Amino acid sequence: MKQTLSELMRMSRICRMIFATCLGSFILVIFYFQIMRRNPFMVEGCCRKGSRNALQELYNPTQTELSGAAVLHQARRDQVVDACRVYSASSRKRRVLTPGDLKHLVVDEDHELIYCYVPKVACTNWKRVMMVLTGRGKYSDPMEIPSNEAHVPSNLKTLNQYSIAEINHRLKNYLKFLFVREPFERLVSAYRNKFTLKYNSSFHKRFGTRIIRRYRKNATQDALLNGADVKFKEFIEYLVDPATQRDGLNEHWQTVYQLCHPCHIHYDMVGKYETLEEDANYLLQLVGVGDSLRFPTYAKSTRTTDAMTAQFFSNISTQQQIQLYQLYKLDFLMFNYSIPSYLRLE
């Protein structure tokens, strides 16, 4: 009798376990289809990337061809950390980021990416790529997206649009990346684009007239009215003027340190303009879209080079060169750019 009762109790426990397992599986199936109804792209994203996301693949690559790049990008991350540590030790400035500081950080929810865009570092093409990644099939070729369309704010979501809790979650769990460029090449590129091309009349009016009014003696009425012929020397005078720095620099010549806050935000990948296509396509491989999406090539014939930058700096005084280097010094140090040979710092 005791044996029969014991067997009945054991069978009852087994039945309860089987029922609980079946019920749990049923709930999971219902939950899965509820999610799929809200986000039909989940299966595609899952199957494309597998069980690992881009962040995991970056730090622990399973693809042997990505291992060498992982070492390179670890060295770049270490360089940023070391430079920030030195700067922090020598500076009394302490600040906490606010959502307003995050307006340059573009978010891709589907691939769990955050991209901090830096003007004059292929940011138009990167915005095009981000529109393809976030478009859920709306776009397939980045170059089919007009450049002006890539800069429409509503086409991409930025991190400052989230709540504090949502911001913290994404900063912790998403792969964060930025692309940088030799600081003075970037500066000359910004000058050439904004002050020497006729179609940029809005910059001529907004900044050119102000620069000419402040720094040009005996300026003509036409120059004061249109601001269309700002000289590079005048542009540099404007940048090193303490009044300009108090007002804040425009994003096209603002430092990467101030735009992307790499001493406050840990970037998982630092790409470089000098190795743009290689670094960009490496990132797309990490995301799992490397076979279907390539980073657009760019016209090398029109890019600002080191030799061109040296020529522009040849008419800048030693004092202004020193002031300018101090302004961009952290960008040089964080991203391992050496002091240009043409620079006179003594």
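The structure presented is a predicted model; accordingly, all values stated were derived computationally and were not measured. (Residues numbered from 1 in each chain as written. Predicted model: local features only at pLDDT ≥ 70, side-chain atom pairs only at ≥ 80, totals over all residues. Heavy atoms only, no water.)

Taken together, five strands build an open sheet; the order of strands is β3-β1-β2-β4-β5 and the sheet is mixed. Unpaired on one side and paired on the other, β3 (157–158) and β5 (269–272) mark the two borders of the sheet. In terms of strand pairing, strand β2 (residues 113–116) meets strand β4 (residues 175–180) through four bridges, oriented parallel. Bridging across to β4, Y115 finds its partner in F177. (Pairing = 2+ DSSP bridges. Helix = DSSP H or I, 4+ residues; strand = E, 2+ residues; numbered from the N terminus.)

Relative orientation of the contacting elements helix α8 (residues 183–195) and helix α15 (residues 306–313) amounts to 75°, with a least axis distance of 9 Å. By the criterion of interaxial angle, the relationship of α8 to α15 is roughly perpendicular. The residues of α15 that touch α8, namely those facing F184, E185, V188, Y191 and R192, are D306, M308, T309, F312 and F313. When the residues that make up the contact of α8 with α15 are grouped by side-chain class, the tally is six nonpolar, one polar and three charged. (Axes fitted to C-alpha atoms, helices over the stretch in contact; angles between N-to-C directions. Parallel < 35°, antiparallel > 145°, perpendicular 65-115°, else oblique. Contact = heavy atoms within 4.5 Å. Nonpolar A, V, L, I, M, F, W, Y, C, P; charged D, E, K, R; others polar.)

This brings us to the environment of I212. Its place among the elements puts I212 in helix α9 (residues 201–215). For I212, a relative accessible area of 0% translates into the label buried. A sequence separation of 12 residues divides I212 from L224, and the C-alpha atoms of the two residues are 6.4 Å apart. Setting aside its immediate chain neighbours within four residues, I212 contacts A219, A223, L224, G227, D229, V230 and E234. (Buried < 20%, exposed > 50% of the residue type's maximum accessible area, 1.4 Å probe, protein only.)

Counting across every chain of the model gives two disulfides. What pairs with C84 in a disulfide is C263, and their sulfur atoms sit 2.0 Å apart. The S-S bond linking C84 to C263 shows a torsion near -85°; that makes this disulfide left-handed. Here C84, found in helix α4 (residues 67–90), pairs with C263, found in the loop between α13 (256–260) and β5; they are 179 residues apart in sequence, far enough to count as distant. For C84, a relative accessible area of 9% puts it in the buried group. (Disulfide = S-S within 2.5 Å.)

In this section: the environment of F332. Mapping F332 onto the fold places it in helix α16 (residues 318–334). With residues up to four places along the chain from it excluded, the contact list for F332 reads E182, P183, F184, Y325, Y337, S338 and P340.

A few words on the packing of α8 against helix α11 (residues 232–240). Taken N-terminus to C-terminus, the directions of α8 and α11 make an angle of 115°; their axes are 11 Å apart at the nearest point. Crossing of α8 against α11: the hand is right-handed. Residues L187, V188, Y191 and F195 of α8 form the contact with α11, whose participating residues are F232, F235, I236 and L239. Tallied by class, residues from the contact of α8 with α11 come to eight nonpolar, no polar and no charged. (Left-handed = near helix turned anticlockwise from the far one by under 90°.)

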